[in-house]
Amino acid sequence: MPRIPATQRRAALARAALAVASRDGLAAASTRAIVAEAGMPLASFHYAVASRDELLGDVVALVVAEERAAALAALVSHARDPREAIRLALLGYLDQVRADPGREQAMFELTQHALRTEGLDGLPREQYARYRETALDVLVAGARRLGFDWRVPPADLARLLVMVTDGLTLAWLADRDDAAAERAVDLAADALAGFVVARAGAEGRDDG
């Protein structure tokens, strides 16, 4: 069997940790459970990563990268105007939550675990910085594609958007009310569209 590079092992372990935490909860994602999920011997874990807590940073990066790709893909695929673009992006996010609620529960558990664990206090800051960076990318991409500007700094809107998605996620996890969640998405899209301003000299939508 060819030897797998440590970077590939680490990526596989991060995906396995996410799978275990999503299915069984973060507390169940022990080192042994992670390597069993990955189909690796226990020694492979310490060859690739120093500790389970260190691996949690990789889990955050994995989830954020996947959510960023999905959000950018959904953002303006069929959008006719800024409000519709925002609505589609939020609905795309909600679809991800509904498709794998355990994953979203695991991410909230990860945040709380890190906040209460000495030495991991930097992980929530990194996690939410990545969330805001993704939200900022989506906001900037939408403005560029549809030819408008934001009347307030996009970085401030990115923080607001993360707060909206956090609330949307927790509310849906609590009651699993699809219709209420979709109404909330409509209201959020209305509110965020209020920060849109026409771009001076814009000639319409940029489909490039």
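The structure presented is a predicted model; accordingly, all values stated were derived computationally and were not measured. (Residues numbered from 1 in each chain as written. Predicted model: local features only at pLDDT ≥ 70, side-chain atom pairs only at ≥ 80, totals over all residues. Heavy atoms only, no water.)

Things to note about the UniProt feature "DNA-binding region" (unreviewed entry) in the chain
Here's step 1: When the UniProt feature table is mapped onto this chain numbering, "DNA-binding region" (unreviewed entry) sits at residues 30-49.
Here's step 2: Its end C-alpha atoms 14 Å apart, residues 30-49 is made of 75% helix and 0% strand. (UniProt positions renumbered as here; feature names shortened; annotations may be inferred. Helix = DSSP H or I, 4+ residues; strand = E, 2+ residues; numbered from the N terminus.)

Quick word on the environment of Leu115
Here's step 1: Looking at the secondary structure, you find Leu115 in helix α6 (residues 101-116).
Here's step 2: Separated by 10 residues in the primary sequence, Leu115 and Arg125 place their C-alpha atoms 9.5 Å from one another.

Topic: unusual backbone geometry
Here's step 1: If you check the backbone angles, Arg176 has positive phi at about 50° while not being a glycine.
Here's step 2: Relative to the assigned elements, Arg176 resides in the loop between α8 (154-175) and α9 (178-193).

Structural notes on the pattern of salt bridges
Here's step 1: Enumeration according to the criterion identifies 18 salt bridges in this entry.
Here's step 2: A salt bridge links Arg10 to Glu54, with the shortest nitrogen-to-oxygen separation between them at 3.0 Å. Linking Arg10 in helix α1 (residues 6-24) with Glu54 in helix α4 (residues 52-75), this pair joins segments that are 44 residues apart in sequence.
Here's step 3: Arg10 sits in the partly exposed class, given a relative accessible area of 23%.
Here's step 4: Asp186 serves as the salt-bridge partner of Arg83, at 3.7 Å between the closest nitrogen and oxygen. Of the two residues, Arg83 sits in helix α5 (residues 82-99) while Asp186 sits in helix α9, which places them 103 residues apart along the sequence.
Here's step 5: Taking the relative accessible area as the measure of exposure, Arg83 reaches 26% and is therefore partly exposed.
Here's step 6: Each of Arg83, Glu84, Arg87, Asp186 and Asp190 takes part in salt bridges that share partners, so that together they form one network. (Salt bridge = Lys/Arg side-chain N within 4 Å of Asp/Glu carboxyl O. Buried < 20%, exposed > 50% of the residue type's maximum accessible area, 1.4 Å probe, protein only.)

Digging into the packing of α6 against helix α7 (residues 122-146)
Here's step 1: Running from amino to carboxyl end, α6 crosses α7 at an angle of 140°, the nearest separation of the two axes being 8 Å. In terms of axis orientation, α6 runs oblique to α7. Residues Met107, Phe108, Leu110, Thr111, Ala114 and Leu115 of α6 form the contact with α7, whose participating residues are Leu123, Pro124, Gln127, Tyr128 and Tyr131.
Here's step 2: Within the contact of α6 with α7, the residues separate by chemical class into nine nonpolar, two polar and no charged. (Axes fitted to C-alpha atoms, helices over the stretch in contact; angles between N-to-C directions. Parallel < 35°, antiparallel > 145°, perpendicular 65-115°, else oblique. Contact = heavy atoms within 4.5 Å. Nonpolar A, V, L, I, M, F, W, Y, C, P; charged D, E, K, R; others polar.)

Details of the confidence of the model for the chain
Here's step 1: Here the chain averages 89 in pLDDT, and 92% of its residues register 70 or above.
Here's step 2: Taken together, the stretch residues 204-208 has pLDDT below 50 and engages in 10 contacts with residues farther than four places along the chain or on a different chain. (pLDDT = per-residue confidence, 0-100.)

Quick look at the layout of surface pockets
Here's step 1: In this structure, the largest pocket encloses a volume near 520 Å³.
Here's step 2: As for the largest pocket, its lining consists of 35 residues, and the residues nearest its centre are Ala71, Tyr93, Thr134, Leu161 and Thr165.
Here's step 3: Residue assignment for the lining of the largest pocket shows that the elements contributing at least two residues are α4, α5, α6, α7, β1 (148-150) and α8.
Here's step 4: Of the residues belonging to the lining of the largest pocket, the class tally is 24 nonpolar, eight polar and three charged. (1 Å grid on protein atoms, 1.4 Å probe; cavity = no way out; pocket = protein on both sides within 12 Å on 5 of 7 lines; lining within 4 Å. Points joined across faces, edges and corners; volume = space filled by probe spheres on them.)

A word on α1
Every α-helix carries 3.6 residues per turn, so stepping three or four residues along brings you back to the same face.
Here's step 1: Taking 1.5 Å per residue as the helical rise, α1 with its 19 residues ought to reach 27 Å, and the 26 Å between its terminal C-alpha atoms agrees with that figure.
Here's step 2: Listed in full, the buried residues belonging to α1 are Arg9, Leu13, Ala14, Ala16, Ala17, Leu18, Val20, Ala21 and Ser22.
Here's step 3: Immediately downstream of α1, the backbone of Gly25 shows phi near 100°, a positive value. (Expected span 1.5 Å × (residues − 1).)

Observations regarding the UniProt feature "domain: HTH tetR-type" (unreviewed entry) in the chain
Here's step 1: Here the UniProt-annotated "domain: HTH tetR-type" (unreviewed entry) positions come out as residues 7-67.
Here's step 2: Across residues 7-67 one finds 80% helix and 0% strand; the C-alpha atoms that close the span lie 22 Å apart.

Side note on empty space enclosed by the protein
Here's step 1: Applying the stated rule across the entire model yields one cavity of 30 Å³ or more.
Here's step 2: In this model, the largest cavity occupies a volume close to 60 Å³.
Here's step 3: Lining the largest cavity, in full, are Ala17, Leu18, Ala21, Leu26, Ala29, Ile34, Arg52, Leu56, Val59, Ala106, Met107 and Leu110.
Here's step 4: When contributions to the lining of the largest cavity are tallied by element, the ones reaching two or more residues are α1, α4 and α6.
Here's step 5: Its residues placed into classes, the lining of the largest cavity shows 11 nonpolar, no polar and one charged.

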